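# Structural description and commentary
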Amino acid sequence: MLYDVLVIGGGVTGCAILRQLARKKLRVALAEAREDVAMGSSRANSAIVHAGYDAAPGTLMALLNVRGNAMYDQWCEELEVPLKRCGSLVVAFNEEEEKELKKLYDRGIENGVPGMELVSGARARELEPQLSQDVTAALWAATGGICCPYQLTIACAENAKANGAEIIVDAPVTGIEKTGDGYKVSLGNGKAVEARYVVNAAGVFADDVARMVGDESFSIHGRKGEYMLMDHSANLMTRVIFQTPSKMGKGILVSPTVDNNVFAGPTAKDVDDKLDTETTDEGIAELKKMSLKSVPTLNLRQVITSFAGVRAQPSTGDFILRESENAPHFIHAAGICSPGLTSAPAIADYIVDVLAKAGLEMEDKADFNPHRAAIRRFAEMTNEERAAAIAENPQYGRVICRCETITEAEIVEAIHRGARSIDGVKRRTRAGMGRCQGGFCSPRVMELLSRETGMPMETLTKFGGKSNLLFGKLKEVH
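My aim in this report is to walk through the structure given alongside it, one point at a time. (Residues numbered from 1 in each chain as written. Predicted model: local features only at pLDDT ≥ 70, side-chain atom pairs only at ≥ 80, totals over all residues. Heavy atoms only, no water.)

### Observations regarding helix H3 (residues 95–111)
Between its first and last C-alpha atoms H3 spans 24 Å; for 17 residues at 1.5 Å apiece the expected length is 24 Å, and the two agree. Looking at the buried side of H3, the elements it contacts are helix H2 (60–79), strand S5 (88–92), strand S6 (116–120) and strand S7 (137–141). Two to three positions downstream of the cap, the backbone nitrogen of Glu-96 sits 3.2 Å from a side-chain oxygen, assigning the N-cap of H3 to Asn-94. Where H3 ends, the next residue or the one after it, Gly-112, has phi of about 85 degrees, a positive value. (Helix = DSSP H or I, 4+ residues; strand = E, 2+ residues; numbered from the N terminus. Expected span 1.5 Å × (residues − 1). Contact = heavy atoms within 4.5 Å. Polar contact = N/O pair within 3.5 Å; in protein donor to acceptor, adjacent residues only side chain to side chain.)

Printed below as a string of structure tokens:
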């Protein structure tokens, strides 16, 4: 089949673009290198819906941050993705940092950010009582919020697929050849697809993909950020707390999550290895020191896991959203660092416009359905709803993940929606995200994966690739 558009990369940017293209009468597909969408930066980031005061005025980052922030309520409602408009505070500890707050405020005004206010330290502590007494002032942004990046990515993919888009996983791009009709894209699974237009949304590897068509106009380097996640019992926070930013980024923040945890992070370290997601003693020590500076009451004994993600840092200093200068009909959606998650809906619209300007004719589908139903969460039901759910489907009566109260019914539905690994189930249901981090429920999740897919237990993985969990029966191991 000749596709009209092939999107390369299954992060939040690629999946948001795919969703918007699925609104059109087009044949569209997405190729993702790994076994599932949301496997790169979209599974390990701060999950913040940024207000838009940080990016330099006149940049695409500034424009699309504010535009994307305004789109989030509708997108999250349509896709049934959790969103909390809890607001954010950037805190200062001295006069010099207070001057930086004023610069951020002025920048935000120029960017068109609504609901901002410079407040005293006392007022900041009224907004967030857990703040340090050493905070002297803060920038309050009422439109700041939190969401779930991997849930949003999965929801966009599911909604696009329901509207006719195709998603190809385990398909790393190994080569791109210009053809008369567009491009032939070779995939690591031994297959190739052809498309009239290609969108390069390959995250930290977008420059590698660009070089496949002879485009060396930009480069991407990785910046690793480490995080600590705390248990539900540590949830003291109601707001997102930033420290005054530096040239390396927005600094270490302390924030609640939409699932009522608290996290601290990220650190910021430039790395040569774009797949380096190992946590370090040095990084964890920095997280502890800097998070306690903002929130001294933070209970670090409640840390249940630490993790790291690598974000794409473009050589241009801005999002790269344009047609390649030396490869017609090849569109870049590259260099999507923070505020990329917030900007994703607006980036998707922007790329659709770039495709139109590049010559792609598009017509809206009259029957496009923007709604995607989330998996019903047993933990969030009332007792009456639980009783009705169990009566309708007895699998709701079997709790698999005790920490998060996730049932067999939820896990089975996640598998039927496409989960093929322990982490694929985890991102769709939260099974394994609680205090024991899957120590209790992982074997049962594996049993359900094997039962529902027919995959032998020894072929199951934690996150695809070679992350196998079993290697045969004990009597066969020598």
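There's plenty left to go through after this.
### Focus on the state of the cysteines
The full count for this structure, using the stated rule, is 0 disulfides. Not part of a disulfide, Cys-337 finds its nearest cysteine sulfur in Cys-147, a span of 17 Å. By relative accessible area, which is 6% here, Cys-337 ends up buried. Free of any disulfide, Cys-403 has its nearest cysteine sulfur in Cys-436, 3.8 Å distant. Given the relative accessible area of 34%, Cys-403 is considered partly exposed. (Disulfide = S-S within 2.5 Å. Buried < 20%, exposed > 50% of the residue type's maximum accessible area, 1.4 Å probe, protein only.)

### Comments concerning the pattern of salt bridges
Here the structure, examined in full by the defined rule, presents 32 salt bridges. With its nearest N and O atoms 3.3 Å apart, the salt bridge here joins Glu-100 to Lys-103. Of the two residues, Glu-100 and Lys-103 both sit in helix H3, 3 residues apart, roughly one turn of that helix. Take Glu-100: its relative accessible area is 33%, and that puts it in the partly exposed class. (Salt bridge = Lys/Arg side-chain N within 4 Å of Asp/Glu carboxyl O.)

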